[in-house]
Amino acid sequence: MKPGLRALVLGVLMTVPSLSDSAAKVTYGEKTIHYTVNGRSGQEIYSQIGKKGPRVSGQRDHKVATTTMTFDVRGVKAGIKGTRCLVTGVDVHVNVVYRIPKWTGKGSPALRKAWAAFEAHLWRHEKRHRDIGVEYARRVESDIKKLSGDARRDCAGMVDQAKRLAKASSAWHDRKQQAFDATWFGDGGQQFKYDRALMATK
């Protein structure tokens, strides 16, 4: 995303000589991919999750659920004002893909209740990852609008600004996502409460 972002901003500035005002916006779209598990007890269900759950790049173990995101920078509005190259508007779209288990088996009323609580918990977790991604997209939009350069020297300075802002914003996003997971999966975290409840149910 970062190299393309720099090229896009500079390309627009070179081809749009007049400054235009535009309201920026951040949008997102969501897609859910289910993987199916069955079983007639919580232990059986969880065993299948451990074998069929999605993997994260660079990790060998299967996850219960994942949220992946890509960020698409669109509609950059820019131009020249006096001796400055400026960005006045940009849209950022977040593409969100959830990978979530879907239980297709049959079980006791207690197991159905435990599964419903477990599944609702997963969605709360994954939706929070999405929300952090949308926060990040807003930072990207804001950072792009901070870019400026010297119009007398082919908008000099904008590429270096874009590099610095992209690095800082990406680091913020990584820290935020990792901190959230640490509170969820660390000692006393919410994940284990629902894991144990499901696995103990027959």
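Being a predicted model, the structure only gives us computed values, none of them experimental. (Residues numbered from 1 in each chain as written. Predicted model: local features only at pLDDT ≥ 70, side-chain atom pairs only at ≥ 80, totals over all residues. Heavy atoms only, no water.)

1. What to know about the overall build of the protein chain
- Along the backbone of the protein chain there are five helices and four strands.
- Within the protein chain, the fraction of its 202 residues that count as buried is 40%.
- Of all intrachain contacts in the protein chain linking residues separated by at least 6 positions in sequence, the fraction that spans at least 24 positions is 74%.
- Just so you have it, the protein chain exposes about 11,200 Å², and 52% of that area is on carbon and sulfur atoms. (Helix = DSSP H or I, 4+ residues; strand = E, 2+ residues; numbered from the N terminus. Buried < 20%, exposed > 50% of the residue type's maximum accessible area, 1.4 Å probe, protein only. Contact = heavy atoms within 4.5 Å. Areas by Shrake-Rupley, 256 points an atom, 1.4 Å probe, with all protein chains shown as cover.)

2. What about helix α2 (residues 42–52)?
- Every buried residue of α2 is listed here: Gly 42, Ile 45, Tyr 46 and Ile 49. Along the long axis of α2, the arc covered by the buried residues comes to 95°, so they all point the same way. (Arc of directions from axis to C-beta.)

3. Points about the pattern of salt bridges
- Going through the model one piece at a time under the given rule, you end up with nine salt bridges.
- Put simply, Asp 61 and Lys 63 hold a salt bridge, and the shortest N to O gap is 3.3 Å.
- When its relative accessible area of 24% is taken as the criterion, Lys 63 is described as partly exposed.
- Here Asp 143 ties to Lys 146 by a salt bridge, and the two come within 3.6 Å at their closest N and O atoms.
- A single network of salt bridges, built from pairs that share partners, joins Glu 30, Lys 127, Arg 130 and Asp 131. (Salt bridge = Lys/Arg side-chain N within 4 Å of Asp/Glu carboxyl O.)

4. Quick look at the state of the cysteines
- What the rule picks out here adds up to one disulfide.
- Covalent S-S linkage joins Cys 85 and Cys 155, the inter-sulfur distance amounting to 2.1 Å. Taking the sign of the S-S torsion, about -75° here, the bridge from Cys 85 to Cys 155 comes out left-handed. One end of the pair, Cys 85, is in strand β3 (residues 84–103); the other, Cys 155, is in the loop between β4 (148–150) and α4 (158–185), and 70 residues separate them in sequence. The same class applies to Cys 85 as to Cys 155, namely buried. (Disulfide = S-S within 2.5 Å.)

5. A closer look at the packing of α2 against helix α3 (residues 109–145)
- For the pair α2 and α3, the least separation of the axes is 11 Å and the interaxial angle reads 40°. Here α2 contributes Gly 42, Ile 45, Tyr 46 and Ile 49 to the contact with α3, which in turn contributes Leu 111, Trp 115 and Phe 118.
- Across the contact of α2 with α3, the residue classes tally to six nonpolar, one polar and no charged. (Axes fitted to C-alpha atoms, helices over the stretch in contact; angles between N-to-C directions. Nonpolar A, V, L, I, M, F, W, Y, C, P; charged D, E, K, R; others polar.)

6. Considering the environment of Ile 49
- Turning to its location among the elements, Ile 49 is positioned in helix α2.
- Taking relative accessible area as the criterion, Ile 49 reaches 2% and is therefore assigned buried.
- Sequence spacing of Ile 49 and Tyr 35 is 14 residues, and the spatial spacing of their C-alpha atoms is 8.8 Å.

7. Quick word on unusual backbone geometry
- Phi at Asp 154 takes a positive value of approximately 55°, unusual for a residue other than glycine.
- Here Asp 154 lies in the loop between β4 and α4.
- Judged by relative accessible area, Asp 154 falls into the exposed class, the value being 60%.
- Its identity is not glycine, yet Cys 155 carries a phi of approximately 60°, on the positive side.
- The class for Cys 155 is buried, based on a relative accessible area of 5%.

It is worth stressing that arrangement in space is one thing and function is another; only the former is reported here.
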